[in-house]
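Per-entry structural report
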Amino acid sequence: MGRVFMVDLVGQIYSCKHCKTHLSTDQDIMSKSFQCKYGQAYLFSKVVNISIGVKDDKMMITGLYTVTDIFCVGCGLKVGWKYETAHDNSQKYKEGKCVLELYKISGPRDSSDLVCQEVSQLLI
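Keep in mind the model is a prediction, meaning the values are calculated, not measured. (Residues numbered from 1 in each chain as written. Predicted model: local features only at pLDDT ≥ 70, side-chain atom pairs only at ≥ 80, totals over all residues. Heavy atoms only, no water.)

Things to note about the nonpolar core
Of all hydrophobic cores here, the largest spans 13 residues; its most connected members are Leu23, Phe44, Val47, Val79, Leu100 and Ile105. If you list the elements that add at least two residues to this core, you get β1 (13-16), β4 (39-44), β6 (63-72) and β8 (98-101). (Core = buried A, V, L, I, M, F, W, Y, C linked by side-chain atoms within 4.5 Å. Buried < 20%, exposed > 50% of the residue type's maximum accessible area, 1.4 Å probe, protein only. Helix = DSSP H or I, 4+ residues; strand = E, 2+ residues; numbered from the N terminus.)

As structure tokens, then:
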């Protein structure tokens, strides 16, 4: 394998909670109303400095998707998932987008994220 080149972002940055590698910015948030196993998650239109796992079909609340886990290139921590294929036409907008789990990232928060911050301190 070759050397991993990481992208440095500017602005309001979301980064890996473990190693602080930049992952995305507040400008790339599409939705703050997603859920993961341990609480809140955000849907991002663009995420950098990630590696992608194996494709897997998963049944989620809104239907069947082909997804891949995404990992921080800095430390290997699983930080969320990427929608590869949405099998329901009404969910096609998610294809190619990534979900970052808030308890695994750090970055700007609003008051509705306080519960997630408390959970993240317990889990990491």
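Brief notes about the layout of surface pockets
The computed volume of the largest pocket comes to approximately 340 Å³. Lining of the largest pocket is provided by 14 residues; of these, Gln35, Cys36, Met60, Ile61 and Trp81 occupy positions nearest its centre. The element that contributes the greatest number of residues to the lining of the largest pocket is strand β3 (residues 29-36), accounting for four residues. Within the lining of the largest pocket, the residues separate by chemical class into seven nonpolar, three polar and four charged. (1 Å grid on protein atoms, 1.4 Å probe; cavity = no way out; pocket = protein on both sides within 12 Å on 5 of 7 lines; lining within 4 Å. Points joined across faces, edges and corners; volume = space filled by probe spheres on them. Nonpolar A, V, L, I, M, F, W, Y, C, P; charged D, E, K, R; others polar.)

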